[in-house]
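# Fold and geometry: a report
Read off the chains here:
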Amino acid sequence: MAELTNILHVEDDPDIREIASIALGNIGGYTVVQCSSGPAALSKAPEFVPDLLLFDVMMPEMTGPETLTELRKLKGYENVPAIFMTAKAQPEEVEAYKKQGAIAVIIKPFDVMTLAGEVRGHWEKAIREAKPNVIPFLQKPGKSDARTNNDTPKTAGG
Amino acid sequence: METALFKLARERFDLLIIWIYQRKFLVSIYVILAAVLIATGITIDRFNTAKFLSDLRLSLESESRTIQAHLEGNIIEQSSLIRGFAATIESNPDISQERYARLAAQLTLDDPSILNIAAAPDFVVKYVYPLQPNKGVLGFNYRTSEVQFKQVERARRLNSTVFDGPVELVQGGRGFIVRSPVFPIDEATGKRSFWGIVSIVIDVGFLDNYSNAGPQAESLEIALRKTNEGPDTAVFFGNDRVFKTNPLLSNITLPNGVWTMGVIPKGGWPARAENYLPLRLQLLLIGGVLFFLTCYTGWLFEKRRHAEQILTRAVEAIDGGFVLYEADGTFVASNKRYKEIYSLSADLFVPGVTFEHIIREGMKRGEYPSITEQKEEWIKWRLERHKLADLTDEHCLPNGRWIRVSESKLANGGTVGIHIDITDQVLAKKAAEKGSQAKSVFLSTLGHELRTPLTMVLGFAQILQNIEILPAVKDLRASLESTPFDAAEAQAKLTKVLAVVNHQSGRIHQSGSHLLTMISDILDFSKADAGEMKFDKQMIFSGPLVESVVEQFEGIAKEKNLRLSYQPSDELLFADEVRAKQILINLIGNALKFTDVGSVSVKTQKKGDMVEFSVEDTGCGISESEISDVFNEFYQVNASDTRELGGTGLGLSIVKRMVEGQGGSIEVSSVLGKGSVFKFSLPSQ
């Protein structure tokens, strides 16, 4: 079974980035790479391929869905599961995000203490439902169980 | 009572006159028809009477000829008789009284109308038969009667039988006398010499027999008169009025004379034909039926015309175009509105023109500007729908008006179309959709704007609640629990923890304040929208008002490196200070929010009874297409997901309501990319 380790988080609001970093890094134990905008994420992307993409929707310059579309064009990003975390969450908007390729939509405000578990739940569900050959990176070896590394925050601002 | 009846009758009469006036054409036809029918009836009746009289005359002519023949036959017979008697006397001039009586008896035996047979040698009556009641005639000398002598002398002179009469008889009564002279041959000389006169007196009553001579004789009235004999031309038999009533005339030829016989029907010529009553009844019946049928047809015509008028008026009154096509697709009729709607094709709406021609020609003339592509396919589709009469479609006219077309099939296969102008509905729908879309965007934006600070408030609160999760706290705890305890290190770590707590609680406070502002906006809008916003108006000076707001924004302006200026001017105005300040906060706040480079300047000046405030910026400006919507509720100039600046979209809407609620007005002018100027006025007193 593949592991969820690296998360690319794109969010323009510094306070929310800070809270998410604590929730996913300090509490969840994931390695969180954070960027403040879509273009920043695109420039960071070639450096690594995360296990999960977590995007805000409303951002200056590029929206979350636009950033996702651009990222999909990059090698290795074709099938990385993506979650939108947004305060714009009218039912029709949620549907639209899913159509744009999101496996789930987390509505702000989120629960700091359970955010990591919620993210993991969506991720695992996507893994179970996906065919192994469609998501080849799931077979990547050498990843430890993130839940055992709660005390090792590996956050990064972006 | 009488007055009321009179009034009622007059009202009814007036109504009748109005009815007639309104239907004068029809009434004229009825009157003319009645006149024609009456004239025809009278003509037929007269013709019938004339024919009847003509037939009757023909019938009487035959009868008259019969009577004439009988009468003439009788007279000839009498003449022959007297002539024969005269011949007997001529052969025996000295005839005895007895023999005379025997001969006379033989002659008169069969004819009761012969009153006597007399013989008057040398004009003196010597023989008469029968003696009674004619005895008084004996010895009568004709020479003593000028009138009778004239006749007997005439017979002698003419040596011929003479018919005379009727005359007053010596023995009484009236009668005809047939006289014949007697000229016996003198044996000595062998020559004839006048002996005397023999005569037969015939009772006038014999003519009555001739009245019964024919089959219809009983129904005849006969009159006789002498012809061309001066005073004797007087009617001697029958009533002289016969000759005054256009009788059938015929001549009765007498020995040495002529009578004129006049014959008329008994009682005179009838004024009417025998069959006049049934004929008139028939004419009345036929005329009545014809008149009734004409009136009924007229009534039906009137009713149909009335129905057509109502239908036409109803069709014309329809607030939409009405058009009717035959089953074969040819145009029948339309109302005026239909022609107005399709004014470019109005000349095509002529009975007999096909729907296909109208549609194709209309397409060429630009009647359907909304059909820009696949025109031929659209025409085919339209023709098919028209054929099925199963259509509800909407299209735009060249003048921008929108039309909804509904077509239905009629029982006879025809198609009726109703074309309604739905422009107002379309515009209202578009406006509603726009409003709905704006509201939807507003709800989404509002959700975002509320949830974003809430995320910070709840997030940081939750972190502080579970502060142990923070690495700084963990470090502090480790330091506190370390042995030996290093107070300085613990102090430093505590300071670090306190800094984190201070930062996060500060963010909670800031986000909470932001939320409060938005909630206030929403409540203000809610109040303004419900018309419940209250204004505590009082006299205030514009100077301190503007200065206080400008001071409030100086920090933000400095942060953005913008020049925020205020041109001092202290005008007195009558306004709600709190609301006025709120308006300025909103406008100046917006100006700073949307300006990255340049300045924001605020001015006030008195204009008549108003004080005008203007907030001018050098920001991004507003496009021409969006400027009319900036004061609409829920509207945001940039509502996209990439907008950099937040907001509920209620600010300017609230500002407008607050300005207008105080009796003022607000306007905006802007150039995209150059900046905007918001001006609002409040009453100065």
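Residues numbered from 1 in each chain as written. Chains lettered and ligands numbered in written order. Predicted model: local features only at pLDDT ≥ 70, side-chain atom pairs only at ≥ 80, totals over all residues. Heavy atoms only, no water.

Secondary structure assignment for chain B yields 17 helices and 21 strands. Within the span of chain B, comprising 685 residues, buried residues form 41% of the whole. Restricting to contacts in chain B with at least 6 residues of sequence separation, those with at least 24 account for 59%. By element, 57% of the accessible surface of chain B is carried by carbon and sulfur atoms, the whole surface being about 37700 Å². (Helix = DSSP H or I, 4+ residues; strand = E, 2+ residues; numbered from the N terminus. Buried < 20%, exposed > 50% of the residue type's maximum accessible area, 1.4 Å probe, protein only. Contact = heavy atoms within 4.5 Å. Areas by Shrake-Rupley, 256 points an atom, 1.4 Å probe, with all protein chains shown as cover.)

Counting secondary structure elements, chain A contains five helices and six strands. For chain A, the residues scored as buried account for 54% of the 158 residues in total. A total accessible area of about 6500 Å² is found for chain A, and carbon and sulfur atoms account for 52% of it.

Residues and elements named next belong to chain B. Counted by the stated rule, this structure contains 24 aromatic pairs over all chains. Ring centres of F292 and Y296 lie 6.1 Å apart, and the angle between their planes is 15°; this geometry places the pair in the stacked category. In this pair, F292 and Y296 are both assigned in helix 7 (residues 276-317), four residues apart and thus about one turn of the helix distant. These aromatic residues form a ring-pair network of at least three members: Y325, F331, Y338, Y342, F349 and F355. Sitting above the plane of the F243 ring, R225 keeps its charged end 4.2 Å from the centroid. (Phe/Tyr/Trp six-rings, centres within 6.5 Å; stacked < 30°, edge-to-face > 60°. Lys NZ or Arg CZ within 6 Å of the ring centre and 35° of its normal.)

A separate point is helix 3 (residues 97-108) of chain B. All names here are of chain B. Over its 12 residues, helix 3 extends 16 Å from the first C-alpha to the last, a length consistent with the 16 Å expected when each residue adds 1.5 Å. What helix 3 keeps buried is the set Y100, L103, A104 and T108. One face of helix 3 carries all of its buried residues, which in axial projection span an arc of 125°. Exposed residues lying more than 90 degrees from the buried face of helix 3 are E98, R102 and Q106. Looking at the buried positions of helix 3, the neighbouring elements they touch are helix 2 (24-91), strand 1 (114-121) and strand 2 (127-129). (Expected span 1.5 Å × (residues − 1). Arc of directions from axis to C-beta.)

Inspection of the secondary structure assignment puts R225 of chain B in strand 6 (residues 220-226). Owing to a relative accessible area of 28%, R225 of chain B belongs among the partly exposed residues under this scheme.

Time to look at a negative patch on the surface. A contiguous patch of negative charge on the surface is contributed by E547, E551, E554 and D570 of chain B. With respect to the helices, strands and loops of the structure, E554 of chain B is situated in helix 14 (residues 542-559). (Patch = residues over 30% accessible without salt bridge, like charges linked within 9 Å, V, L, I, M, F, W, Y side chains within 5 Å. Salt bridge = Lys/Arg side-chain N within 4 Å of Asp/Glu carboxyl O. Lys, Arg positive; Asp, Glu negative; His and termini not counted. Charge placed at Lys NZ, Arg CZ, Asp CG, Glu CD.)

Put simply, side chains in a regular strand alternate between the two faces of the sheet. Residues and elements named next belong to chain B. Most of strand 21 (residues 675-683) is tucked away, with eight of its nine residues classed as buried. Here seven bridges tie strand 19 (residues 610-617) to strand 21, and the two strands are oriented antiparallel to one another. Paired with E612 across the strands is S681, a residue of strand 21. Here strand 20 (residues 665-671) pairs with strand 21 via seven bridges, running antiparallel. Pairing of I666 across the sheet is with F680, part of strand 21. The turn joining strand 20 and strand 21, which pair antiparallel and follow one another in sequence, is formed by three residues; a positive phi near 85° is taken by G673. (Pairing = 2+ DSSP bridges.)

With that out of the way, let us pick up the environment of Q132 of chain B. Residue and element names in this part refer to chain B. In this fold, Q132 is placed in helix 4 (residues 131-134). Q132 gets classed as exposed once you look at its relative accessible area, which sits at 56%. Placed 16 residues apart in sequence, Q132 and N116 show a C-alpha to C-alpha distance of 9.3 Å.

In this section: the sheet that holds strand 19 of chain B. Residues and elements named next belong to chain B. If you trace the five strands from one edge of the open sheet to the other, you get 16-18-19-21-20, paired in mixed fashion. Looking at strand neighbours, the two that pair on one side only are strand 16 (563-566) and strand 20, the edges of this open sheet. The mean angle between the axes of side-by-side strands here comes to 15°, regardless of whether they run parallel or antiparallel. (Axes fitted to C-alpha atoms, helices over the stretch in contact; angles between N-to-C directions.)

Before going further, it helps to spend a moment on the side chain of S623 of chain B. Turning to its location among the elements, S623 of chain B is positioned in the loop between strand 19 and helix 16 (624-627). For S623 of chain B, a relative accessible area of 14% puts it in the buried group.

Another aspect to go through is the pairing of strand 1 of chain B. Residue and element names in this part refer to chain B. Counting buried residues along strand 1, seven of its eight residues qualify, which places the element largely inside the surrounding structure. Two strands pair when backbone bridges link them, and strand 1 and strand 5 (residues 196-203) are joined in this way by seven bridges, in the antiparallel orientation. By the bridge assignment, A119 is partnered in strand 5 with V198. Where strand 1 and strand 2 come together, three bridges link them in antiparallel fashion.

Residue and element names in this part refer to chain B. Where helix 14 meets helix 15 (residues 577-593), the closest approach of the two axes is 10 Å, and the angle between their N-to-C directions is 30°. Put simply, helix 14 runs roughly parallel to helix 15. Helix-helix and strand crossings are classified by hand; for helix 14 and helix 15 the assignment is right-handed. Two secondary-structure elements touch here, helix 14 through L545, V546, S548, V549, V550, Q552, F553 and A557 and helix 15 through E577, A580, K581, L584, I585, I588, G589 and L592. Here the residues of the contact of helix 14 with helix 15 are counted per class, giving 11 nonpolar, three polar and two charged. (Parallel < 35°, antiparallel > 145°, perpendicular 65-115°, else oblique. Left-handed = near helix turned anticlockwise from the far one by under 90°. Nonpolar A, V, L, I, M, F, W, Y, C, P; charged D, E, K, R; others polar.)

Now for the pattern of salt bridges. All names here are of chain B. Under the criterion given, the structure shown has 34 salt bridges over all chains. A salt bridge links R360 to E356; its shortest N-O distance comes to 3.0 Å. Highlighted residues: R360 and E356, both in helix 9 (residues 355-365), separated by four residues, approximately one helical turn. R360 sits in the partly exposed class, given a relative accessible area of 28%. Residue R404 pairs with E394 through a salt bridge whose shortest N-O separation is 3.0 Å. One end of the pair, R404, is in strand 13 (residues 402-409); the other, E394, is in strand 12 (residues 391-396), and 10 residues separate them in sequence. Shared partners join several salt bridges into a network, and the residues in it are R337, E340, R401 and D421.

Attention now goes to the nonpolar core. All names here are of chain B. If you look at the biggest cluster of nonpolar residues, it comprises 59 residues, and the most contacted ones within it are Y100, F176, V198, L207, L224 and W259. Examining the composition of this core, we find that 11 residues originate from one element, helix 2, more than from any other. Apart from the residues lying within four places of it in its own chain, the contact partners of Y100 are F85, I89, I95, I117, A118, A119, Y127, V128 and Y129. Judged by nonpolar contacts, the second largest core, of 43 residues, contains F553, V600, V630 and I654. (Core = buried A, V, L, I, M, F, W, Y, C linked by side-chain atoms within 4.5 Å.)

One widely used convention gives an interface's size as the accessible area the parts lose upon coming together. With 28 residues of chain B at the interface, the matching set in chain A holds 29 residues. Between chain B and chain A, a total of about 2400 Å² is buried, with carbon and sulfur atoms accounting for 61% of that surface. Across the contact surface, chain B and chain A share one salt bridge. For R507 of chain B, the salt bridge goes to D15 of chain A, with nearest N and O atoms at 2.4 Å. (Buried area = accessible area lost by both parts, 1.4 Å probe.)

Residue and element names in this part refer to chain B. Its 14 residues give helix 10 (residues 375-388) an end-to-end C-alpha distance of 20 Å, which sits within 8% of 20 Å, the value for a rise of 1.5 Å per residue. Taken as a whole, helix 10 has its buried residues at W378, I379, R382, L383 and H386. Buried residues of helix 10, seen end-on, are gathered within an arc of 135° and therefore sit on one face of the element. Facing away from the buried side of helix 10 by more than 90 degrees, the exposed set consists of K380 and K387. Downstream of helix 10 by a residue or two, A389 has a phi angle that is positive, lying close to 50°.

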